[in-house]
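Here's the letter readout for the chains.
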Amino acid sequence: MAHAPEMPISVDDETGVWTTDALPMLYVPRHFFVNNHMGIEEEIGAERYAAILYKAGYKSAWHWCEKEAALHGLSGDAVFEHYMKRLSQRGWGFFSTEALDLKQGTARIRLDHSAFVYQYGKVNRKVDYMFTGWFAGAMDQIAQSLGYSVKTRAVQTQSAAEEGCEYGIFTVSPV
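Reading the values: the criteria
- Counting starts from 1 at the beginning of each chain's written sequence and moves along it residue by residue.
- Residue-level local features of this predicted model are given only where pLDDT is at least 70; pairs of side-chain atoms are given and counted only at 80 or more, and the full residue set underlies all totals for whole chains, interfaces and linings.
- Remark: hydrogens and water are excluded; side-chain values derive from all non-hydrogen atoms of the structure.
- Two strands pair under a simple rule: DSSP has to find at least two bridges between them.
- Here a strand is any run of E in DSSP of at least two residues, a helix any run of H or I of at least four, and the numbering for each starts at the N terminus.
- The contact definition used throughout considers only heavy atoms, calling two residues in contact when any of these lie within 4.5 Å.
- Working definition: rings of Phe, Tyr and Trp (its six-membered ring) pair if their centres are within 6.5 Å, and the pair is stacked with planes under 30 degrees apart, edge-to-face with planes over 60 apart, and tilted otherwise.
- For each residue, the accessible area found with a 1.4 Å probe, counting protein chains only, is set against the maximum for its type, and the residue is called buried under 20%, exposed over 50%, and partly exposed in between.
- As used here, the term nonpolar core means buried Ala, Val, Leu, Ile, Met, Phe, Trp, Tyr and Cys residues forming a set that is joined through side-chain atoms within 4.5 Å.
- Axis definition: a line fitted to C-alpha atoms, over the contacting stretch in the case of helices. Angles run 0 to 180 degrees between N-to-C directions.
- When an angle is under 35 degrees it counts as roughly parallel; over 145 it counts as roughly antiparallel; between 65 and 115 it counts as roughly perpendicular; any other value is oblique.
- Residues are grouped as follows: nonpolar covers Ala, Val, Leu, Ile, Met, Phe, Trp, Tyr, Cys and Pro; charged covers Asp, Glu, Lys and Arg; every other residue, Gly included, is treated as polar.
- In the analysis that follows, any N or O atom pair within 3.5 Å is treated as a polar contact, provided that within protein one partner can donate a hydrogen and the other can accept it, and provided that, for residues neighboring in sequence, both atoms belong to side chains.
- UniProt positions are given in the numbering used here, feature names are shortened, and annotations may be inferred rather than shown by experiment.
- Here a helix's expected span is defined as the number of its residues, less one, multiplied by 1.5 Å.

Caption draft 1: Region of the structure containing the sheet that holds strand 3 (residues 23-25). Taken in spatial order, the three strands line up as 1-2-3 in an open sheet, and their pairing is antiparallel. Of all the strands in the sheet, the pair left with one neighbour each is strand 1 (10-11) and strand 3. Relative to strand 2 (residues 18-20), strand 1 runs antiparallel, the two being bridged by two bridges. Bridge pairing in strand 2 links Val11 to Trp18.

Caption draft 2: Region of interest: the environment of Gly76. Position of Gly76 among the secondary structure elements: in the loop between helix 2 (46-72) and helix 3 (77-89). Remark: the alpha-carbon pair of Gly76 and Asp101, spanning 25 residues in sequence, is separated by 9.7 Å. When near neighbours in sequence (up to four residues on either side) are disregarded, Gly76 contacts Leu102, Ile142 and Leu146.

Caption draft 3: Spotlight on the packing of aromatic side chains. Applying the stated rule across the entire model yields 15 aromatic pairs. Judged by centre distance (6.3 Å) and plane angle (80°), the ring pair of Tyr49 and Tyr129 falls under edge-to-face. Here the residue Tyr49 occupies a position in helix 2, and Tyr129 occupies one in the loop between helix 4 (115-120) and helix 5 (132-145), the gap between them amounting to 80 residues. Note on Tyr49: relative accessible area 9%, which makes it buried.

Caption draft 4: Seen up close, the nonpolar core. Grouped together as the largest cluster of nonpolar side chains are 40 residues, with contacts concentrated most on Tyr83, Phe95, Ile109, Phe131 and Phe135. Those elements that provide at least two residues to this core are helix 2, helix 3, strand 5 (106-112), helix 4, helix 5 and strand 7 (168-174). Per element, the largest residue contribution to this core is nine residues, and it comes from helix 2. When sequence neighbours within four positions are dropped, the list of residues in contact with Ile109 reads Phe80, Met84, Phe95, Ser96, Phe135, Gly168, Ile169, Phe170 and Val172.

Caption draft 5: Fine view of the packing of helix 1 (residues 30-44) against helix 2. Two numbers describe how helix 1 lies on helix 2: the axes approach to 7 Å, and their chain directions differ by 120°. Taken together, the axes of helix 1 and helix 2 lie oblique to each other. Across from His37, Ile40, Glu41 and Ile44 in helix 1, the residues of helix 2 making contact are Ala46, Arg48, Tyr49, Ile52 and Leu53. Classifying every residue of the contact of helix 1 with helix 2 gives six nonpolar, one polar and two charged.

Caption draft 6: Broad picture of the side chain of Ser88. Structurally, the position occupied by Ser88 is in helix 3. What makes Ser88 buried here is its relative accessible area of 17%. Separated by 2.8 Å, the side chain of Ser88 and the backbone nitrogen of Phe95 make a polar contact. With residues near it in sequence (within four places) discarded, Ser88 still touches Gly93, Phe94 and Phe95.

Caption draft 7: A look at the UniProt feature "domain: 4-vinyl reductase 4VR" (unreviewed entry) in the protein chain. According to UniProt, the positions carrying the feature "domain: 4-vinyl reductase 4VR" (unreviewed entry) are residues 106-174. Taken end to end, residues 106-174 is 29% helix and 30% strand, and its first and last C-alpha atoms sit 7 Å apart.

Caption draft 8: Seen up close, helix 3. An ideal rise of 1.5 Å per residue puts 18 Å on 13 residues; helix 3 measures up with 18 Å between its terminal C-alpha atoms. Regarding helix 3, the residues found buried are Val79, Phe80, His82, Tyr83, Met84, Arg86, Leu87, Ser88 and Gln89. Residues of helix 3 that are buried in the fold lie against helix 2, strand 4 (94-101), strand 5 and helix 5. Of the residues flanking the end of helix 3, it is Gly91, one or two places downstream, whose phi is positive at about 90°.

Caption draft 9: Focus on the sheet that holds strand 4. Taking strand neighbours across the sheet as the criterion, the four strands line up as 4-5-7-6 in an open arrangement whose pairing is antiparallel. Each edge of the open sheet is held by one strand with a lone partner, namely strand 4 and strand 6 (152-158). Averaged over all pairs of adjacent strands, the angle between their axes in this sheet comes to 20°, without regard to strand direction. Across five bridges, the pairing between strand 5 and strand 7 is antiparallel. Paired with Arg108 across the bridge in strand 7 is Thr171. Along the sheet, helix 3 makes contact with strand 4 and strand 5, crossing strand 4 at roughly 165°.

This is how it looks when you write it as structure tokens:
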């Protein structure tokens, strides 16, 4: 097994709060998180849950990119690549940027080793929808910071949970 790159984690001795870079974090087992995700999906349906997660994920990615760019002195493509790296280091899966054009508001992201696919298995549907809002939120925050007026939307076009697919694909495009 390959050794993952180091990621700075500090734990406050008094509060028990975990912090990575500039943000407080939670550390939970993958099965715990995904089982909660599946339980909510069963109650309200995947489509409704995906819409809720999109809005929340968009807002969270915007905030994360803004804070991380300031902390590390990053801008443009470097912020997006840092975001993909950190997502990959946190166990969600391995994200790689196949295409990125901030000015045009377009991107293509590949997802290998999805935490959701590991838990769901081959269910012949897209199960990684939690990530879609993250990509649009990141793209829009970074584009705005560069003075671009583009507003984007992200969609998942392929999931490794679908028969015949080995990895997920997400596309970002202007609204």
